[in-house]
Amino acid sequence: MPERGRHGSIDPTAVPARLRSLATRLLGRGAVHADRISHARLAAVGATRWQYATLVTLRDAGPASQAALSERTGIHRSDMVAVLGGLTEAAYVERTPDPADQRRNIVTLTAAGRSRLRALDRLVDQTQDELLAPLTPTERAELIRLLQRIDDHHSTR
């Protein structure tokens, strides 16, 4: 059995070369590491990735309906209701009836939400640095470009 390394991971030198050459396996393991690091950092300040994604989307795209936020973030509509409930309770967002359609709410980022997002942005930047520590800035940019290309290709199918 391969010896376990830091964070319960497998010692890379004990893994067969074939497994270390599979993009699917490496992307999956990278996702596990990214999830572990980001969850721990965000949880330490009482936040989640879904809350962060929602706040970023409101900042960058402006006020939106719950359905539009769900589509833009990839968060399922039923989960978005819970995310917005927490953000509303914390006064990071406010929901008001849409003047064009009273059955729908428009979600807006508040001043407290913008402040929270600035703090979370710094935390997420630190998370990126921790995850990508072994890469140079040029390698980081190339990795992001390649991952975006893969994501774009499979998102449009």
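About the thresholds
- Every chain is numbered on its own, with residues counted from 1 as its sequence reads.
- Confidence filtering applies because this is a predicted model: local features only for residues at pLDDT of at least 70, side-chain atom pairs given and counted only at 80 or more, and all residues used for totals across whole chains, interfaces and linings.
- For the side-chain quantities, the full set of heavy atoms in the structure was used; hydrogens and water were omitted.
- Where helices and strands are cited, they refer to DSSP runs of H or I of at least four residues and of E of at least two residues respectively, numbered from the N terminus.
- A 1.4 Å probe rolled over the protein chains alone gives each residue an accessible area, and that area as a share of the maximum for its type sets the label: buried under 20%, exposed over 50%, partly exposed in between.
- Contact between two residues is taken to exist if any of their heavy atoms lie within 4.5 Å; hydrogens are not considered.
- Surface patches are defined over residues having more than 30% relative accessible area and no salt bridge, joining like charges when they lie within 9 Å and nonpolar side chains (Val, Leu, Ile, Met, Phe, Trp, Tyr) when within 5 Å.
- Methods summary: accessible areas were calculated by the Shrake-Rupley approach with a probe of 1.4 Å, and residue burial reflects only the protein chains presented.
- In the sections that follow, a salt bridge refers to a side-chain nitrogen of Lys or Arg positioned within 4 Å of a carboxyl oxygen of Asp or Glu.
- Each residue carries a pLDDT score, the predictor's confidence in it, ranging from 0 to 100.
- Pairing between strands is defined by DSSP: at least two bridges between the two strands are required.

**Student:** Give a detailed account of the side chain of Ser65, specifying residues and quantitative values.
**Tutor:** Within the element layout of this structure, Ser65 appears in strand 1 (residues 64–65). Take Ser65: its relative accessible area is 10%, and that puts it in the buried class. The contacts of Ser65, once residues within four sequence positions are left out, are Arg104, Asn105 and Ile106.

**Student:** Now, about a nonpolar patch on the surface: what can you tell me, with residues and values included?
**Tutor:** On the surface, Leu27, Leu143, Leu147 and Ile150 cluster together into a nonpolar patch covering about 300 Å² of accessible area. The greatest single-element share of the nonpolar patch, amounting to three residues, is contributed by helix 7 (residues 137–155). One can find Leu143 in helix 7.

**Student:** How would you explain the confidence of the model for the chain if you had to name every residue and give the values?
**Tutor:** Interpretation of the predicted coordinates at a detailed level should be avoided for regions scoring low in pLDDT. Looking at the chain, pLDDT values average 92 and 94% of them are 70 or higher. Note on residues 1–5: pLDDT is under 50 here. Beyond four places in sequence and across chains, it has eight contacts.

**Student:** I'd love a proper account of the environment of Arg72, names of residues and values included.
**Tutor:** Residue position: Arg72 is located in helix 4 (residues 66–73). When neighbours within four sequence positions are excluded, Arg72 is seen to be in contact with Thr57, Ala61, Gly62 and Ala64.

**Student:** Account for the pairing of strand 3 (residues 101–109), naming residues and giving values.
**Tutor:** The pairing of strand 1 with strand 3 spans two bridges and is classified as antiparallel. When the bridges of strand 3 are listed, Ala64 appears paired with Val107. Where strand 2 (residues 93–98) folds back onto strand 3 in an antiparallel hairpin, the turn is made up of two residues.

**Student:** So what's going on with the side chain of Thr57? Residues and values would help.
**Tutor:** Mapped onto the fold, Thr57 is located in helix 3 (residues 49–61). Judged by its relative accessible area of 14%, Thr57 falls in the buried class.

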